Amino acid sequence: MSKEPWGYEGSPWKNSTAFFTYLRGCLRKAWSTNPIKLTVLKNRRYQIPNPNPKGNKPTVWGADCEMCKGVFPLKEIQVDHIVPAGTLSSLEDVPGFVERLLFVTEDDLRLVCKGCNSALALSDKRGITYEEAIVEKKTIAIVKAKKDKQWLEERGILPAPNKTKRRAQIKEALLND
């Protein structure tokens, strides 16, 4: 491509990052209606007891998370690529990203809950294991809720004097569980 769609006067994209963010969104929209994805959801769903006590129906569509093995309503389930689509930050990335995102079979996909999908994304982004990502997400949640000191004290651990050190203590305790 001889002309970049960003960086010229009047371009809707200020830089390549903005353009590739836009392109990724367009491709993700195509993914949202991918017939293979929709078939996986349809074939692997089943009726579960309605988890909403105020719900009008006794059962709703649900599915099993293939990571944590929990049962979730379909609105809490996402279709995940076993091999991630990867990054999209340059023109060279486009063919591989499109292939990994859209050229899939049912065997390339799995159903996961939103929490596990978030951990899988963190794992991929940071180059850590799924288990380490789960620990990282739990650690973040404890610190964000400002319960870090209490959490450590409940486990007989003397809280460190600052948040960064307490975060490390929590992470270590969770990894050792």
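The coordinates are above.
If you're wondering where the values come from, they're calculated on a predicted model, not measured in any experiment.

(A) Here's a closer look at the pattern of salt bridges. The tally for this structure, following the rule as stated, stands at 7 salt bridges. Among the ionic pairs, Arg110 bridges to Asp80, the shortest N-O distance being 2.8 Å. Within this pair, whereas Arg110 is found in strand β5 (residues 109–113), its partner Asp80 is found in strand β4 (residues 77–81), the two being separated by 30 residues in sequence. For the pair shown, Arg110 and Asp80 are each scored as buried. Through salt bridges that share partners, Arg126, Glu136, Arg167 and Lys171 make up one connected network.

(B) Fine view of helix α4 (residues 114–126). For α4, with 13 residues, the first-to-last C-alpha span of 18 Å sits near the 18 Å given by 1.5 Å per residue. Of all the positions in α4, only Cys116, Asn117, Ala119, Leu120, Leu122 and Ser123 are classed as buried. Against the buried residues of α4 lie β4, β5 and α5 (130–144).

(C) Fine view of the sheet that holds strand β3 (residues 71–73). Strand order in the open sheet formed by 3 strands is β1-β2-β3, and the pairing between neighbours is antiparallel. Looking along the sheet, the strands with just one partner apiece sit at the ends: β1 (46–49) and β3. Going across the sheet, the axis of each strand differs from the next one's by a mean of 60 degrees, ignoring polarity. By the bridge criterion, 4 bridges tie β1 to strand β2 (residues 59–64) in an arrangement that is antiparallel. When the sheet's bridge partners are listed, Ile48 is paired in β2 with Val60.

(D) How the structure looks around the layout of surface pockets. Empty space within the largest pocket amounts to approximately 540 Å³. Around the largest pocket, the lining comprises 25 residues; the ones closest to its centre are Arg24, Arg28, Pro84, Ala85 and Asp124. For the lining of the largest pocket, the secondary-structure elements that each account for two or more residues are α1 (16–32), β4 and α4. Looking at the lining of the largest pocket element by element, the count peaks at 7 residues for α1. Across the lining of the largest pocket, the residue classes tally to 9 nonpolar, 9 polar and 7 charged.

Cut-offs and rules
Residues numbered from 1 in each chain as written. Predicted model: local features only at pLDDT ≥ 70, side-chain atom pairs only at ≥ 80, totals over all residues. Heavy atoms only, no water. Salt bridge = Lys/Arg side-chain N within 4 Å of Asp/Glu carboxyl O. Helix = DSSP H or I, 4+ residues; strand = E, 2+ residues; numbered from the N terminus. Buried < 20%, exposed > 50% of the residue type's maximum accessible area, 1.4 Å probe, protein only. Expected span 1.5 Å × (residues − 1). Contact = heavy atoms within 4.5 Å. Pairing = 2+ DSSP bridges. Axes fitted to C-alpha atoms, helices over the stretch in contact; angles between N-to-C directions. 1 Å grid on protein atoms, 1.4 Å probe; cavity = no way out; pocket = protein on both sides within 12 Å on 5 of 7 lines; lining within 4 Å. Points joined across faces, edges and corners; volume = space filled by probe spheres on them. Nonpolar A, V, L, I, M, F, W, Y, C, P; charged D, E, K, R; others polar.

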